[in-house]
Amino acid sequence: MASSPLERRADGTTVDELFGAGAIDGRARKAALGWLMDRQGWLDFAERFLLVVGALCLVLGILFFFAFNWASLKPWMRFALLQTAFLGAALGAWHRGLESPSGQALHLSAAVLVGVNLAIYGQVYQTGADAFELFVGWAALLVPWLVAAPHRGMRALWIALVELSFLLWCAQVAVPEDHLSHGGTLIAAAALASVFLLIEEWRFRREGLPWIRWCLVAMTMICISIPALKVLSHAGCEIRDPAEALALLALLAAGPAAHLYLARRLERLDLVSLTLVGFCLQLHVVAWMGRFVIELREALFGFGVMTLTVVGTTALLVHYLRRQQRFRAAGEEGRP
Amino acid sequence: MRIATMADLVARWKEERFLGPKGPEPIMEALSKDEGEETPWYVKAFVVAGAWLASLFATIFLGMLLATCGIDDFVVAWLIIGLGAIGLALMLRRRFPESLFATQCAIAVSFAGQIAFTLGLARHLRLETWMFLLMAALFTTILYHPFDDPIHRFVGVAGTLLFLSHFLHHDLKLPYALHGLVGVTAWAAGWLFTRCECLHRYRPPAYACAIASPALIWVILVDRKSLDTPVWPATPLLALGLVALYAWVAEAADGDRKALIPVVLATALLSVVSTPGVLVALALLAMGHGRRDRALLTMGILFLPLFMAQFYFEMKTSLLAKSGSLVATGLVLLGARAYLVAYRRKRDGARP
């Protein structure tokens, strides 16, 4: 956010707004719109556009070429192709260094190609392995890579692989063999995401844009909400099976994470995470109220109550979030 | 000097003596008014969702209340609900102009009221598209100035265009008129964004036209078998529009008009070999870059790969031919970039 209005990005919309407010005249508006379109800027734009679209077409063309010839390629050719790409990416990452963004991008590409290699291995030799085994193997192979260079892309890939392996294991083994219910699967996935969230908070809390945290908070909230809303929609809220017990465990795991956010709010308050958690809470309150209203069997009264509930919870939450925002702004101003 | 922030712009205005006797004071005042307490977009999104949900419940509640109050005549009930809701929305908007929640509630209630009124009237007369089109156009025009909210204005114009396209195709059975509508909306957006001096008043219709044009092309492309219309008729209109846009760029950026010749030729070639959607996406990108408008740029960035993917997907050739044409396109574009880089180096080197 710009701290002074003059630090705001100059654009045509702002110029038009100033003209509309009478702060500048038509001549100044026309001149400003011309200055915004400087020759240098257009040439930079054309250069960037041609590079991005041209490179994209070229890469897609090459991919289409291999897709066309894939069936007729011999297995050794397929492996040679993939492993050449893998080696190229790995060497490129080594050459650029793992501190640079391009090095990290190449490192991540090589990590993705490990999985593609495993998939092709399974396709060529028909190993008969379940899909979750591929992802477990892939995640296991990437552990040393993660330890060597735990940059954000690599961490996000690894967390995604572990979560996916777990969900696939549940779908292919645990649920069919009655070890877990569908609700229990989601709750366990939420608990796993909460554990990753805690590790992220503990190890990498000072990193710039915390999008891994946002993804993990969103995933935890979605996974908790689906079974919780299911419980709410049925009569009685008692704990009936291990899935609900696990829900409590997952909530317990998410609790310390929430505590960590709040404890550090003076240092760096995360309004995005708070909004996500708040939205989830509102959803539960509205669902609970909805169930109460349905049980009353008074539609007219019900819609009135629902209107007030949504207005009330939204107003309350927005009031709280705005207070937190002001609190953060005051904290940032006080900081040297 | 490259203009990046408002401070740069104010300095340039000062330097070129464009500012009045009060200097930059009115500008600072106008900019500070907007600044206020900036709510993050995700909190705004949360408020918007809450407001629309609350309005939905409130509208159903009102409808049920009227139904239980013993008003037997269905039409009268819906007309009363409709007008009452529009009045309530206007009152909310006027009473709480700064409140985001109240504004969103007002928008939702206003549209609920418009729908209720139109349904009541349509049931009384005849349920036909022209009725919805007429009412949407009427409400958009009547409420445009009293209800001064950009979302309300945008949805009003976009809804009217939607009914208009449906009316042209399904009621009048004039599929070619859709191409005309594509051209008209594209030219209207172009004129509003590049030539209109009152854009601050008509920005919502400008965005509605800017999004309607590629959306209509997409509908024609996807549904052209049932529409029984080819894709090409919109192309000349759009190619001409793109050329007019180049002229605007050259005029505003004080550029070399000779440089326009290869660009115009490339556009002509593109309009022959490609789909009209690519032309609209390019126009959106050019306008977005020229005005530094993120919304237009985002639309261009989203529509360009969409239309390109659709074009290659629909090519009735083998994967090998598609691959060849993609590689050729990529090489031509990269070649053009190499030429541009060399030209800039030569020009910068020649400059003292």
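Structural notes, computed from the coordinates. (Residues numbered from 1 in each chain as written. Chains lettered and ligands numbered in written order. Predicted model: local features only at pLDDT ≥ 70, side-chain atom pairs only at ≥ 80, totals over all residues. Heavy atoms only, no water.)

## Observations regarding the overall build of chain B
Stage number 1. Across its full length, chain B carries 15 helices and 0 strands.
Stage number 2. The dimensions of chain B, computed from C-alpha atoms along their principal axes, are 85 × 60 × 30 Å.
Stage number 3. Expressed as a percentage of the 352 residues in chain B, the buried residues total 45%.
Stage number 4. For chain B, the proportion of contacts with a sequence separation of at least 24, taken over those separated by at least 6, is 64%.
Stage number 5. For chain B, the accessible area works out to roughly 18,400 Å², and carbon and sulfur atoms hold 69% of it.
Stage number 6. Averaging the coordinates of the 32 positive side-chain charges in chain B and doing the same for the 25 negative ones gives two points 8 Å apart. (Helix = DSSP H or I, 4+ residues; strand = E, 2+ residues; numbered from the N terminus. Buried < 20%, exposed > 50% of the residue type's maximum accessible area, 1.4 Å probe, protein only. Contact = heavy atoms within 4.5 Å. Areas by Shrake-Rupley, 256 points an atom, 1.4 Å probe, with all protein chains shown as cover. Lys, Arg positive; Asp, Glu negative; His and termini not counted. Charge placed at Lys NZ, Arg CZ, Asp CG, Glu CD.)

## A closer look at the overall build of chain A
Stage number 1. Counting its secondary structure elements, chain A contains 14 helices and 0 strands.
Stage number 2. Taken from the N to the C terminus, the helices and strands of chain A come in the order α-α-α-α-α-α-α-α-α-α-α-α-α-α.
Stage number 3. Expressed as a percentage of its 336 residues, the buried residues of chain A come to 42%.
Stage number 4. A sequence separation of at least 24 residues applies to 67% of the contacts in chain A between residues at least 6 apart.
Stage number 5. Surface summary for chain A: the accessible area is close to 18,200 Å², and the carbon and sulfur share equals 70%.

## Description of the packing of aromatic side chains
Stage number 1. Evaluation of the coordinates by the stated rule reveals 20 aromatic pairs over all chains.
Stage number 2. Each ring, one from phenylalanine 79 of chain A and one from tyrosine 121 of chain A, has its centre 6.4 Å from the other, and the planes form 55°; the classification is tilted. Here phenylalanine 79 of chain A, found in helix H4 (residues 75–96), pairs with tyrosine 121 of chain A, found in helix H5 (residues 101–125); they are 42 residues apart in sequence, far enough to count as distant.
Stage number 3. With relative accessibility at 44%, the residue tyrosine 121 of chain A sits in the partly exposed group.
Stage number 4. Measuring from centroid to centroid gives 6.2 Å for phenylalanine 79 of chain A and tyrosine 125 of chain A, while their planes differ by 15°, and the two rings are stacked. Separated by 46 residues along the polypeptide, phenylalanine 79 of chain A in helix H4 and tyrosine 125 of chain A in helix H5 bring together distant segments of the chain.
Stage number 5. Positioned above the aromatic ring of phenylalanine 96 of chain B, the side-chain terminus of arginine 95 of chain B is 5.3 Å from the ring centre. (Phe/Tyr/Trp six-rings, centres within 6.5 Å; stacked < 30°, edge-to-face > 60°. Lys NZ or Arg CZ within 6 Å of the ring centre and 35° of its normal.)

## Here we look at the environment of threonine 235 of chain B
Residue and element names in this part refer to chain B.
Stage number 1. Of note, threonine 235 is situated in helix H11 (residues 234–253).
Stage number 2. Each C-alpha atom of the pair threonine 235 and isoleucine 86 lies 41 Å from the other, and the pair is 149 residues apart in sequence.
Stage number 3. The contact partners of threonine 235, leaving out residues within four places of it in the chain, are Ser271, Pro276 and Leu279.

## Looking at the interface of chain A and chain B
Stage number 1. If you look at the interface, chain A gives 77 residues, while chain B gives 83 residues.
Stage number 2. Together, the buried faces of chain A and chain B total about 7,700 Å²; carbon and sulfur atoms form 70% of this surface.
Stage number 3. In this structure, aspartate 44 of chain A and arginine 344 of chain B form a salt bridge, with 2.9 Å as the shortest nitrogen-oxygen distance.
Stage number 4. Here chain A is connected to chain B by 15 residue pairs in polar contact (both at pLDDT 80 or more).
Stage number 5. Contributing elements (two or more residues each) for the side of chain A that touches chain B: helix H1 (12–20), helix H2 (26–36), helix H3 (39–69), helix H13 (271–296) and helix H14 (299–334) of chain A.
Stage number 6. It is H3 of chain A that provides the largest number of residues to the side of chain A that touches chain B, a total of 24 residues.
Stage number 7. A class-by-class count of the residues in the side of chain A that touches chain B yields 47 nonpolar, 15 polar and 15 charged. (Buried area = accessible area lost by both parts, 1.4 Å probe. Salt bridge = Lys/Arg side-chain N within 4 Å of Asp/Glu carboxyl O. Polar contact = N/O pair within 3.5 Å; in protein donor to acceptor, adjacent residues only side chain to side chain. Nonpolar A, V, L, I, M, F, W, Y, C, P; charged D, E, K, R; others polar.)

## Comments concerning the packing of helix H7 (residues 150–171) of chain B against helix H9 (residues 199–222) of chain B
Residues and elements named next belong to chain B.
Stage number 1. Remark: H7 packs on H9, axes separated minimally by 8 Å, with the N-to-C direction vectors making an angle of 40°. Between H7 and H9 the crossing geometry is right-handed. In this structure, H7 uses Pro150, Arg153, Phe154, Val157, Ala158, Leu161 and Ser165 to contact H9, whose residues at the interface are Arg201, Pro204, Pro205, Tyr207, Ala208, Cys209, Ile211, Ala212 and Leu216.
Stage number 2. When its residues are assigned to classes, the contact of H7 with H9 shows 13 nonpolar, 1 polar and 2 charged. (Axes fitted to C-alpha atoms, helices over the stretch in contact; angles between N-to-C directions. Left-handed = near helix turned anticlockwise from the far one by under 90°.)

## Overview of the environment of serine 318 of chain B
Stage number 1. When you line up the elements, serine 318 of chain B lands in the loop between helix H14 (294–314) and helix H15 (319–350).
Stage number 2. Through-space distance from the C-alpha of serine 318 of chain B to that of phenylalanine 96 of chain B is 61 Å; in sequence the pair is 222 residues apart.

## Regarding the pattern of salt bridges
For side chains of opposite charge, pairing can occur when their charged atoms come near one another.
Stage number 1. Throughout the structure, instances matching the rule amount to 11 salt bridges over all chains.
Stage number 2. Here aspartate 16 of chain A and arginine 291 of chain B are joined by a salt bridge, their closest N and O atoms 2.6 Å apart. Of this pair, aspartate 16 of chain A sits in helix H1 while arginine 291 of chain B sits in helix H13 (residues 276–291), on two different chains.
Stage number 3. The exposure class assigned to arginine 291 of chain B is buried, which follows from its relative accessible area of 2%.
Stage number 4. For arginine 27 of chain A, the salt bridge is made with aspartate 25 of chain A, and the minimal N-O distance between the two is 3.5 Å.
Stage number 5. Judged by its relative accessible area of 52%, arginine 27 of chain A falls in the exposed class.
Stage number 6. In this structure, a network of salt bridges that share partners links the residues Asp44 and Glu47 of chain A together with Arg337 and Arg344 of chain B.

## Observations regarding the environment of leucine 143 of chain B
Residues and elements named next belong to chain B.
Stage number 1. By the secondary structure assignment, leucine 143 is in helix H6 (residues 129–144).
Stage number 2. The class of leucine 143 is buried, set by a relative accessible area of 5%.
Stage number 3. Sequence separation between leucine 143 and threonine 275 is 132 residues; the distance between their C-alpha atoms is 37 Å.

## Section: helix H3 (residues 41–68) of chain B
The α-helix winds at 3.6 residues per turn, so residues separated by three or four positions along the chain end up facing the same way.
Stage number 1. For H3 of chain B, which comprises 28 residues, the first-to-last C-alpha distance of 40 Å matches the rise-based estimate of 40 Å (1.5 Å per residue) to within 8%.
Stage number 2. When we look at burial in H3 of chain B, the residues that qualify are Tyr42, Val43, Phe46, Val47, Gly50, Ala51, Ala54, Ser55, Phe57, Gly63 and Leu66 of chain B. (Expected span 1.5 Å × (residues − 1).)

## Quick look at a nonpolar patch on the surface
Stage number 1. On the surface, a nonpolar cluster with roughly 360 Å² of combined accessible area is contributed by Leu56, Val59, Leu60 and Leu63 of chain A.
Stage number 2. With respect to the secondary-structure elements, leucine 60 of chain A resides in helix H3. (Patch = residues over 30% accessible without salt bridge, like charges linked within 9 Å, V, L, I, M, F, W, Y side chains within 5 Å.)

## Description of the nonpolar core
Stage number 1. Ranked by internal contacts, the top residues of the largest apolar core, which has 59 residues, are Phe193, Leu284, Leu296 and Leu304 of chain B.
Stage number 2. Elements represented by at least two residues in this core include exactly H3 of chain A together with H7, helix H8 (175–194), H9, H11, H13, H14 and H15 of chain B.
Stage number 3. At 11 residues, H9 of chain B tops the list of elements feeding residues into this core.
Stage number 4. Excluding anything up to four places from it in sequence, phenylalanine 193 of chain B contacts Leu199, Ala206, Tyr207, Ala210, Met287, Arg291, Asp293 and Leu296 of chain B.
Stage number 5. Within the second largest apolar cluster, 29 residues are counted, among which are Val43, Phe46, Ala85 and Phe139 of chain B. (Core = buried A, V, L, I, M, F, W, Y, C linked by side-chain atoms within 4.5 Å.)

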